[in-house]
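Descriptive structure summary
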Amino acid sequence: MSLEAIRARRSIRKFLPDPVPREVIGQVLEAARLAPSGKNQQPWRFAVYGGEEKRALLEAMARGLERELHGRALLPASRAGLADAANTLRIMRKAPVLILALDACGDDPFGPSEGGARIADLVNTLSMGAAIENLLLAAQELGLGALWIANTFFAYPELCACLDTPLRLVSAVALGYADEEPPARPRKPLEEICSYWL
């Protein structure tokens with residue numbers, strides 16, 4: 001990926017209805033597959049959804065958001081984020097393709113984790129992040145728009161049940177041809193985020 005792709009990448013929230021060819025989706029996933037990972041575990045697995053299958057998956061997410069709002073909340077301290085999650089669901093419905101990123105080595109994020117297992121979990125999470133970033137940058141280079149999504153955690157059990165998988169759901173990526181050109185978001189200057197001991 002070029003520095004230009006890094007500079008040009010944006011989080012896209014409006015998509016054209018045009019379908020994305022399967023071979024282009026394959027190129028995006030190939031970039032994700034080539035990411036570095038701790039101990040070369042390559043924990044990532046990807047589930048690609050479109051059409052009716054995507055609609056059923058997002059109905060499961062809608063049920064999870066409803067449970068979180070009116071039932072037994074898994075993230076009660078994050079209730080203020082539910083409106084944003086509902087907007088994210090609307091965006092996911094408009095995107096032609098939805099890619100679910102799953103961690104084959106991870107445990108239930110709502111379960112206990114301690115000691116060495118916690119460290120291994122953090123390493124796998126970093127590996128998943130590297131794969132997702134590769135995916136986003138490849139999408140940019142291939143003329144696609146993408147949105148990395150973490151609001152799936154609000155509907156974690158519903159989505160995992162719909163996916164019928166024991167793997168940990170890490171996030172989703174909405175993918176398609178962009179129907180907007182958002183400006184760059186502000187970034188902190190290097191002087192604020194870096195310290196040097198050279």
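To be clear, the structure that these remarks concern was listed above.
Now for a quick tour of the structure. (Residues numbered from 1 in each chain as written. Predicted model: local features only at pLDDT ≥ 70, side-chain atom pairs only at ≥ 80, totals over all residues. Heavy atoms only, no water.)

**Some points on helix H4 (residues 82-94)**
With 13 residues, H4 ought to run about 18 Å at 1.5 Å a step, and its terminal C-alpha atoms sit 19 Å apart, in line with that. Within H4, the full set of buried residues consists of Leu82, Ala85, Thr88, Leu89, Ile91 and Met92. Relative to the axis of H4, the buried residues are bounded by an arc of 160° and lie together on one face. Away from its buried face by more than 90 degrees, H4 exposes Ala83 and Lys94. Along its buried surface, H4 packs onto helix H3 (51-70), strand E2 (97-103), strand E3 (145-149) and strand E4 (168-176). (Helix = DSSP H or I, 4+ residues; strand = E, 2+ residues; numbered from the N terminus. Expected span 1.5 Å × (residues − 1). Buried < 20%, exposed > 50% of the residue type's maximum accessible area, 1.4 Å probe, protein only. Arc of directions from axis to C-beta. Contact = heavy atoms within 4.5 Å.)

**Quick look at the pattern of salt bridges**
Within the structure shown, the criterion is met by seven salt bridges. Taking the shortest distance from any N to any O, the salt bridge between Glu52 and Arg55 comes out at 2.1 Å. Separated by three residues within a single helix, Glu52 and Arg55 lie in helix H3, roughly one turn from each other. Between Arg67 and Glu68 there is a salt bridge, with its nearest N and O atoms 2.7 Å apart. Take Arg67 and Glu68: they sit in the same class, and that class is buried. (Salt bridge = Lys/Arg side-chain N within 4 Å of Asp/Glu carboxyl O.)

**Points about the packing of H3 against H4**
Geometrically, a packed helix pair is captured by the angle between its two axes and the distance between the axes. With their axes 10 Å apart at the nearest point, H3 and H4 run at an angle of 170° to one another. The angle between the axes of H3 and H4 places the two elements in the roughly antiparallel class. Contacts from Lys54, Leu58, Glu59, Met61, Ala62, Leu65, Glu68 and Leu69 of H3 reach H4 at Leu82, Ala85, Ala86, Leu89, Met92, Arg93 and Lys94. The residue makeup of the contact of H3 with H4, split by class, is ten nonpolar, no polar and five charged. (Axes fitted to C-alpha atoms, helices over the stretch in contact; angles between N-to-C directions. Parallel < 35°, antiparallel > 145°, perpendicular 65-115°, else oblique. Nonpolar A, V, L, I, M, F, W, Y, C, P; charged D, E, K, R; others polar.)

**What to know about the side chain of Ser127**
Within the element layout of this structure, Ser127 appears in helix H5 (residues 115-141). In this structure the side chain of Ser127 is engaged in a polar contact, spanning 2.9 Å, whose partner is the backbone nitrogen of Gly38. (Polar contact = N/O pair within 3.5 Å; in protein donor to acceptor, adjacent residues only side chain to side chain.)

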